[in-house]
Every structure is written in structure tokens, then in C-alpha cells.
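Commentary on secondary and tertiary structure
Residue-level listing of the chains:
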Amino acid sequence: MPSIGLITTGECEHRALGASLQRAFEGAELVLVQPFQRPVPSITSNHLGYPGPASGGTQVDKLVASIMATLERRDAPDFVVTIDDLELPNVATAHHVTQLVSDAFRRALGATPTHQQLARVRERCSFHLLCPMLEAYLFGEPAALERAGATRPAKLEPTHHLEDFLAADPEFAAPDEVREHPWRRPARARHPKRYLSFLVDPTAPSASPTRSRETVCTLSRRSSGRRCSHTNPWELRSRTRCSMTSLTRSVSRARSPAHATR
Amino acid sequence: MSFRLQVRNYRGLRAVDWSPEGVCAVVGANGSGKTTLLDVPALLGDALERGLARALEAHGGIANARNLYAADSEPYDFDVTVGDAVWHLAPLQADRGFRSEERLTVNGHTVVSREAGAELVQIETRGPDSTNTRVVSSSRLTDSLALKEAADWPGAPAAVKAQETLKLLCRYRLYGLYDLAALRRRGSPESSQRRLDQRGSDVFSVLRNWRDRRNDLERYEFVLDGLRDVFGDFFEDLDFEKAAQVVGASLRLKGNRMHSASLAPDGWFVALLHLTAVASTDDGDVIAIDEPENALHPHAIKILLEHMRAWSRRHRVTILLATHSPVIISDFDTRPEQLFVMQPEQPASPVPVTDLKDRDWLAHFTLGDLYTREEFGAPRDDAEHRPHHDG
């Protein structure tokens, strides 16, 4: 049975994207495997300019090294799919990212790659960007938002494609009054993760941790509907455990696979 | 409230100009002055509480306080800015204790002053719009600082500003040198403390006090939540035991098993102490942790940083970390302006890494990789003194 190795760069993607993509191949006989225990570091946390440093040793080089190492394992999958968020700073220059990845593959292959090496890269791996990030695609299915814990309907600019995400929600766009809320950041109208955070609980305090954990943790705390500082920690934990899975469930149940840009 | 620290020629620090905010990291070669830098606010806080001479003696010795390479003509002083108030202190040792030059200025207007070598302190007792009545007060103690005198002066407009600066410095603590062996062996002495001491020896007492006070419950839950996040594979809760004026603790593990804290791994203790140190802060406080990575797994480090940032945001607390850990350094990839480098050849240290390297270039790397490759914060590039590695 053919196997596909899935390399992801975010916690939510790592937990749920495999199950979601598996649905896209219903009927096909294949196995999705995750070659790494944890997500690999994202390459798009900051705006990436082109050309990149010629010296190599960049984040992109490390990602490419992970892909090539996966292809060279003794139990290598037949195909390796790598998925990263494009992230807002790179939306206008997605071609920079793909070109940097291409350059990194050339560096990794060296000046005189063998035919076998070239064929392995050309035919057995692909790299995809979610635009601008995974959460945008949840807005394509209202039920997915509900599963993620949204307590109110989303209001999006109808003329915009999801990959050109733009919220049209006056409450979400309202000027800052309380800076504590994690979704209250500049340019938030284009940020699907912040809007989702708002839809889940606009009043929750900023409990939230990092980009990758942020979605899972803040959503879960929020969906408990209470400030963690005023709850019985045991109750919070048990609620948290249930809701921790809400976003990943939303992703893994999504009917259509993430729209991948090649 | 904004905080700025300026230092000239104190111990290994030739020139410092630093305005940290939020969670910031300081990196640099061994001996570049990271720990000394983080110790400066603690020194000044101590000086305000118990006098400059005793504070200097406790923080490395009076004889070593002035930079060894500073010429006599070069200044040796400290400036601390809190909001719109600047406190200037230039230590000056006289025959009978210190007679330092001191000044507190608010928006450029001097409200407290003492001339170098003088025993008198001038404190403005009315605002600048009214008659400038000044009261001359003799220092009660030979090395007591004018800022403290002003903070204690009832009704003076200067007192409020002096108190703000005094509060920030006296509440500042530098953590990291925990005495884990003593904590394991003896637990914590019972006390009513609600703030972790510098060595962490009272951690169980502090936690128990927080748990039992409604107003401090947020602090307690912050620590317990953090521990559960970091050690979710085994840790569930904490129980306290008191015997003979000592507070000890037991860990409740998965499966409802109990385990004495004295047998807990070092990493668990360090995480507990870091989280308690952070939760000991009030709104607007500044604290520091020296080498927070010690004894911690990279996974634990990352989660602890997330929790520190969450607390820092919620309470506008500034948390300063001196580190060599690529894991911590890489955690600043998306906020490189908060990673500071002790770079002695710069006119003033520490400098944001974004002042040393182009931000667009930095975006291609993890900062931890660059630090490991000695792209910044490296020892002075002196090839003759470097060991050769063949092959």
C-alpha cells in the first residue's frame, strides 16, 4: 500500500491535518505517516525576502534537509508532502517563499546531483503553503467553526476569497479598549486566527501562549467560558481537555482538504 | 510605566543604555556583563533599602565597583528612568561613608538633589508652578540615599515620583541561583511571605499562602497551570505539609499517586521556582532570571516562556532573561527587537540584535542558530587566542 509522509509546521496541523487529508483520499489505498514526533519549525514566521542568504544554513535549508532526510529513511514513505502557513507578512510575496525552497533544494543537492537524487526530489516530494494560514479554511464551512468553539456566526467580506481573508465584523474591528484580549492586535481583519479567537470568546483574557499553541490553548480556555483565574483548576482542566480537541476536530472533519498552493 | 537603565563604568559595564519591555533576553559571551547588568537594579534596590556601602559590598565589593579600565576622569554613575522621572546616582566615597551625587528630575525639572560630597539633601516641597520652596534636610544616615529621603517626605510632590522609582527598584529581584539542595532537604521555613525570595527557599510557604488567599489565587493557579503544561506526563497537583515550622510539599502524580517533592527532578523544581518568581510580581514590576534554561528540557523551556509572556502581557511585567540557550534565543525569532546583545565594542550595551544585523537577513534564520554560529554575542574575534580544531 502506498504511503504519504506528512511534514507539518504547526501544532494544529500536526494533530489534525493528517486525518483531514486522509478524507480527501477516501477509497484510495494509502497510509499517511508523520515522520516527525513534533511539528518542524515554520519557515514563514517573518517576512522572507528574496534572494535569501547564499551561505545557506537558513530555516528553509533546515526544512528542506528534513524533507530529504525523510526520503532517505530506510522506511521512507513513497511521497512526502510538506505544508506550512504562508502567514500574513508573506502574502504579497508567496513566490519568494517557493523560490527560496527551490533554491534550498538546489543547495542541498549540490553542484552535481545524480540522476537518482534528482528524480527522488522531483517525483517524490511536494511543498505547499496554506494562505494565509490553516484557520482561514475553517471559514469555508460554518460547522467547522462551530466545532472549533465559535459562539457566533462569522461575518466575512463576501467579495473576498478565503485565501484573501477579510473579516467584515464591526465588533471585531472596533477600536481597542481593553488590550488584554489576544485578538486585539493591529491589522486583525485579515487574520483568521484572531477572528476565530474573537468568535469563540471575545471577552477572554490573554492567556495565550505561542503562535502554534495559541490556537489550541486560547480557544480551549475560552470555550470554558470562564477566566481560568477564577475557576477550580480541576474543573478547568477537565473542560480544557475536552475543548482542546475542538479545533483539531474541526480540521480533521473538514469536508474538503486544505487548499494547497503548489 | 516605561523603564530605562543607564550605567557608566560599574564593574564590567563600560556603558549601558537599556529600555527593556515585556519578556526580553540578554545574550553575550562569558564575562560580557550579562549577570552584572541584571544585578544593577538589585544593587540599587538594596542601596535604597540598606545603604549604598552595604549594598555595594554585597554585590561584588566596594573596591571592585568602579570599572578597572575607567580613567579617573571618566564618570561612574547610574541613571534609572521610571515614567517621566529620572534618578541619577554617582557614588562618591568620602571619609565617613558615601556622599554620592544624586538627582531626581521630573520632565527635566530637578525635584530632589544632593551635591557630590554634601551631607544635605534638597527636596522640593511644592510644585514648580508655585514658589520653589526647598527644604534642606540632613541625611540621617551617612550613606542613606536622597531618593529614599524624598520618598519618605510626606506631602512633597517629589515623594510620589521618588516612591515610584523606589518601588520598582526595591521590588526588583534577580532569580536563578536557587538552592535546590536545601529546598529538597529542608523544605521552606513557614512564613507569611507572598513573594518568592531570591534563592527560592520559601517557595512552598509562598505557594501555600497564595492558595489560601483569595486575592492571590490567580498567582497560585498560574504556577499550577504552568507545571501541568510543562510536566503533563506525570504531574497533576501539589499538596502541602507543615511540621515544626517547615512547609514541605508532595506531588500528586497521574493515577492519584503521591510523591514527596524532595524526590522530584531538578527540572521540576526549577520550573516551579521560575513560575513562582514570575507570579510573585505585581503590575508594572521588573524581574530577572539568570540562565533560566538550567536543568530544563527544551520542551519545558518553550512552555515556560509562553507562560511568562502571558503573565507579562496580563500584568505589564518586564521579565529579563540572561541566557546562552539557543532554544530561548530562537523563541525570539518573531520578536528580535526583544533580544539584546552584550557587545563590548558597541558604544553602549546591550543592543537589540536588530541593530547589529539586518532584520530581513535575520528572518531567514533562527536566532539560536546564529548565536551558535557566533554571528552575534560571540567572544571577541581574536584568532590568536582561539584553540585550533583539526578535522
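A short tour of the structure in this document, coming up. Computed from a prediction, not measured in an experiment: that's the story for all the values here.

Concerning the overall build of chain A
In terms of regular secondary structure, chain A is built from ten helices and four strands. What you see in chain A, going N to C, is helices and strands ordered as β-α-β-α-β-α-α-β-α-α-α-α-α-α. With 262 residues in all, chain A has 42% of them scored as buried. A separation of at least 24 residues holds for 71% of the contacts in chain A among residues at least 6 apart in sequence.

Things to note about the pairing of strand β2 (residues 13-18) of chain B
Residue and element names in this part refer to chain B. Both strand β1 (residues 3-10) and β2 contribute to a ladder of five bridges, which runs antiparallel. Paired with Gln-6 across the two strands is Asp-17, which belongs to β2. Between the antiparallel neighbours β1 and β2 lie two residues, among them Arg-11 with a positive phi of about 45°.

What about the nonpolar core?
Residues and elements named next belong to chain B. One finds Ala-25, Val-112, Leu-147, Ala-150 and Ala-271 to be the most contacted residues of the largest nonpolar core, which totals 160 residues. When residues in this core are grouped by element, the largest group, nine residues, is from helix α8 (residues 266-279). Excluding its chain neighbours within four sequence positions, the residues that come into contact with Ala-25 are Leu-321, Thr-323, Ile-328, Ile-329, Phe-332, Gln-338, Leu-339 and Phe-340.

Some words on helix α7 (residues 217-230) of chain B
With 14 residues, α7(B) ought to run about 20 Å at 1.5 Å a step, and its terminal C-alpha atoms sit 20 Å apart, in line with that. A large share of α7(B) lies buried, amounting to ten of its 14 residues.

What about the sheet that holds strand β19 (residues 339-341) of chain B?
Residues and elements named next belong to chain B. An order of β12-β17-β18-β3-β19-β20 is seen for the six strands of this open sheet, with the pairing classed as mixed. The sheet is open, and its two borders are formed by β12 (173-175) and β20 (351-352), each paired with just one other strand. Note: strand β17 (residues 286-290) against strand β18 (residues 318-322), five bridges, orientation parallel. When the sheet's bridge partners are listed, Ile-287 is paired in β18 with Ile-319.

Rules of the game
- Residues numbered from 1 in each chain as written.
- Chains lettered and ligands numbered in written order.
- Predicted model: local features only at pLDDT ≥ 70, side-chain atom pairs only at ≥ 80, totals over all residues.
- Helix = DSSP H or I, 4+ residues; strand = E, 2+ residues; numbered from the N terminus.
- Buried ≥ 20, exposed ≤ 12 C-beta atoms within 10 Å, placed from the backbone.
- Contact = placed C-beta atoms within 7 Å.
- Pairing = 2+ DSSP bridges.
- Core = buried A, V, L, I, M, F, W, Y, C linked by C-beta atoms within 7 Å.
- Expected span 1.5 Å × (residues − 1).

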